[in-house]
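A look at the structure
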Protein chains: 2
Amino acid sequence: MGELIVAAVQIACGQHVTANLDKLEKHVREAARRGARLVVLQELFEGPYFCIDKDEGHNTLARPFKGNTTISRVASLARELGIVLPVSFFEEDGGRRFNSLTMIDADGRTLGLYRKSHIPDSPGYYEKYYFADGDTGFVVHDTAIGRIGAGICWDQWFPEAARSMVLRGAEILIYPTAIGSEPADPAWDTRDHWQRVMQGHAAANLTPLIAANRVGVEKGETGSLVFYGSSFIADHMGAKIAEAGRMDECVITAALDMDAIANQRRAWGVFRDRRCDLYRDLTAPTPARLMPTP
Amino acid sequence: MGELIVAAVQIACGQHVTANLDKLEKHVREAARRGARLVVLQELFEGPYFCIDKDEGHNTLARPFKGNTTISRVASLARELGIVLPVSFFEEDGGRRFNSLTMIDADGRTLGLYRKSHIPDSPGYYEKYYFADGDTGFVVHDTAIGRIGAGICWDQWFPEAARSMVLRGAEILIYPTAIGSEPADPAWDTRDHWQRVMQGHAAANLTPLIAANRVGVEKGETGSLVFYGSSFIADHMGAKIAEAGRMDECVITAALDMDAIANQRRAWGVFRDRRCDLYRDLTAPTPARLMPTP
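Residues numbered from 1 in each chain as written. Chains lettered and ligands numbered in written order. Predicted model: local features only at pLDDT ≥ 70, side-chain atom pairs only at ≥ 80, totals over all residues. Heavy atoms only, no water.

A word on the overall build of chain A
- Along chain A, the regular secondary structure elements total six helices and 14 strands.
- Rg of the C-alpha trace for chain A: 18 Å, near the compact-globule value of 19 Å for 294 residues, within the 12% margin.
- Long-range pairs, those at least 24 residues apart, make up 69% of the contacts in chain A between residues at least 6 apart in sequence.
- Accessible area of chain A: about 10200 Å², with a carbon and sulfur share of 51%. (Helix = DSSP H or I, 4+ residues; strand = E, 2+ residues; numbered from the N terminus. Rg over C-alpha atoms; globule rule 2.2 N^0.38 Å. Contact = heavy atoms within 4.5 Å. Areas by Shrake-Rupley, 256 points an atom, 1.4 Å probe, with all protein chains shown as cover.)

Okay, structure coming up:
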């Protein structure tokens, strides 16, 4: 594969889908102009992060995977620019709703569907109210620029998900994201914690990682969130090689030597030395003592 | 539990066991003087890191777990100071040899035996020549200061091991270590990669982590290693809250609010939201494509 330029875009989302897509398109074109062949967009970029409240009315925002006009528009852009573009969207499927992602290949084809496996639930992030647990398992998308393992936001906190995607062939990990302040404790800043968990995935799996977060203040009915951006690209040793600010709408890019990284992933020896015979605790239910106290 | 002070010690090891133990004891006493109730010592601290070469003669260094004079000496020190001390040692058991660890509780009792699960094998780190794969599984030691999950060096590169120990109740993760330069490529510095993987474990598991490495230059028959120290203590969000230099023999300490950390580990929600039904890839053999090319 040789050198690959990858990008992440972060923007503030307003109420109007078309305006948000127009803004994203401008940044995607800028990323392509800089040579990026994979551009990661933030989670649920069509509009405000509605999970800030529990409001049944927001369920009408969900759309089927097939015939989805936002996906069609992004696919056209991907084909025109010859780039790979993941699309995070609120999916409706026969009365069930999921936090989903599809991957658009560089020829505009829609490659597959992933439904977010890990669904958070805390003040300002009431995702269990809207989304069923994903039922696809982890998905690796075989694209023109390599195999991409795509998680969605809260998935990024789980080493099991990152490892599973790499075991399934992922050469890059991506995480569209919507994370910011904690309404329950405005003084609490989770940004560095959030970055370090993912830097750890990159480092442990010798696999580069791209996280795209949103920026801006969004007011819900019961509170508000300040999204902290800080989208970043980590190399295969977990070092941040590109990072956006907390507030700016922008594109970040980085160049990856994919052949050298693939060689090092094998050569370092961690995959050879795994003890899969000892990992059975991971597939058992989590012990009660680690559960939140109600 | 409230506030707990923990420590790591790093030293350069010479040829003489007693001199090494004397030096360690001096630092352990200093750690206890500063209030530490858990002091993590480096891997195989009785002498030089003999795995730098493949030499059958080094196998005579292995000692049984029972009646081990080094363990007895450390146990006496632990009892005198009322602190918890892990002991990493080269174990002989009926003709089999392991890279092992036992935990000495604050009353001097020997709590249990862990045998290193992940055994590295690369130039300068020929551990597969000396050590059988550990057969104990991961071990969490229930000590006077809390439940301690103890891995040994290369174990620290595996998210599966850290997660397993926390699922088994670990409230602190510790990793006695011997890591430094790469004889195959003297320009290659793995230190930051090494730290980031473990910071990721701490952050993903909301569990503080202590790594103790050795320092100094050690010459083998076929090459030499420069151990890079950089022992560190990470908090439950993966932030380094204490760190030693690359060359100095020293003690580092940090204070941990164990009750607050335990609350946050549960409250953050990652343990509640795990999808153990989706993690079966982790317990299957690693695919051939991730293996080193011979």
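Some remarks on the environment of D277 of chain B
- In this fold, D277 of chain B is placed in the segment after α6 (258-267).
- Sequence separation between D277 of chain B and V87 of chain B is 190 residues; the distance between their C-alpha atoms is 37 Å.

Quick word on the relation of the copies chain B and chain A
- Under the fitted operation, chain B is carried onto chain A by 0.0 Å of movement along the axis and a turn of 180°, and the coordinates agree to an RMSD of 0.0 Å. The symmetry that links the two subunits is that of a two-fold axis. Measuring from the rotation axis to each C-alpha of chain B, the shortest distance belongs to G200 of chain B, at 2.0 Å.
- Of the residues that chain B buries at the interface, 100% are likewise interface residues in chain A, meaning the two copies contact each other through the same surface. (Least-squares fit on C-alpha atoms with pLDDT ≥ 70 in both.)

Focus: the interface of chain B and chain A
- Listed as interface residues are 65 residues of chain B and, on the opposing side, 65 residues of chain A.
- Interface area for chain B against chain A, summed over the two sides, is near 6100 Å², with a carbon-plus-sulfur share of 61%.
- There are eight salt bridges connecting chain B and chain A.
- Put simply, chain B and chain A have 32 residue pairs in polar contact (both at pLDDT 80 or more) between them.
- For the side of chain B that touches chain A, the secondary-structure elements that each account for two or more residues are α4 (159-167), α5 (191-205) and α6 of chain B.
- Examining the composition of the side of chain B that touches chain A, we find that seven residues originate from one element, α5 of chain B, more than from any other. (Buried area = accessible area lost by both parts, 1.4 Å probe. Salt bridge = Lys/Arg side-chain N within 4 Å of Asp/Glu carboxyl O. Polar contact = N/O pair within 3.5 Å; in protein donor to acceptor, adjacent residues only side chain to side chain.)

Describing the sheet that holds strand β8 (residues 172-176) of chain B
Residue and element names in this part refer to chain B.
- Read from one edge of the open sheet, six strands run β6-β7-β8-β9-β12-β13, paired in mixed fashion. Strand pairing shows two members of the sheet lacking a second neighbour, β6 (140-143) and β13 (240-243), which therefore form its edges. Neighbour-to-neighbour, the strand axes of this sheet turn through a mean angle of 20°, independent of strand direction.
- Two strands pair when backbone bridges link them, and strand β12 (residues 232-234) and β13 are joined in this way by three bridges, in the antiparallel orientation. Note that in β13 the partner of F232 across the bridge is E243. (Pairing = 2+ DSSP bridges. Axes fitted to C-alpha atoms, helices over the stretch in contact; angles between N-to-C directions.)

Description of the packing of aromatic side chains
All names here are of chain B.
- All chains considered together, the criterion is met by 34 aromatic pairs over all chains.
- Where Y49 meets Y125, the ring centres are 5.8 Å apart and the plane angle is 55°; that geometry is what we call tilted. Of the two residues, Y49 is situated in the loop between β2 (38-40) and α2 (69-81) and Y125 in the loop between β5 (110-115) and α3 (127-130); the sequence distance between them amounts to 76 residues.
- Overall, the relative accessible area of 2% leaves Y49 in the buried class.
- On the basis of relative accessibility, which here comes to 6%, the residue Y125 falls in the buried class.
- With a centroid separation of 5.7 Å and an interplanar angle of 50°, the aromatic rings of W154 and W157 are classed as tilted. Of the two residues, W154 and W157, both sit in the buried class.
- Above the plane of the ring of F227 lies R214, whose end atom (NZ or CZ) is 5.4 Å from the centre. (Phe/Tyr/Trp six-rings, centres within 6.5 Å; stacked < 30°, edge-to-face > 60°. Buried < 20%, exposed > 50% of the residue type's maximum accessible area, 1.4 Å probe, protein only. Lys NZ or Arg CZ within 6 Å of the ring centre and 35° of its normal.)

Notes on the nonpolar core
- Judged by nonpolar contacts, the single largest core of 151 residues is most densely connected at L38 of chain A together with L38 of chain B.
- Once residues within four sequence positions are removed from consideration, L38 of chain B is found in contact with I5, V6, A7, V84, P86, I145, I148, I172, I174 and I210 of chain B. (Core = buried A, V, L, I, M, F, W, Y, C linked by side-chain atoms within 4.5 Å.)

As for unusual backbone geometry
All names here are of chain B.
- A positive phi is found at L44, a non-glycine position, where the angle reads about 50°.
- The residue L44 is located in the loop between β2 and α2 in this model.
- Residue class for L44 comes out buried when judged on its relative accessible area of 5%.
- The phi angle at C153 is positive, at roughly 40°, despite the residue not being glycine.
- Structurally, the position occupied by C153 is in the loop between β7 (146-150) and α4.
- Judged by its relative accessible area of 6%, C153 falls in the buried class.

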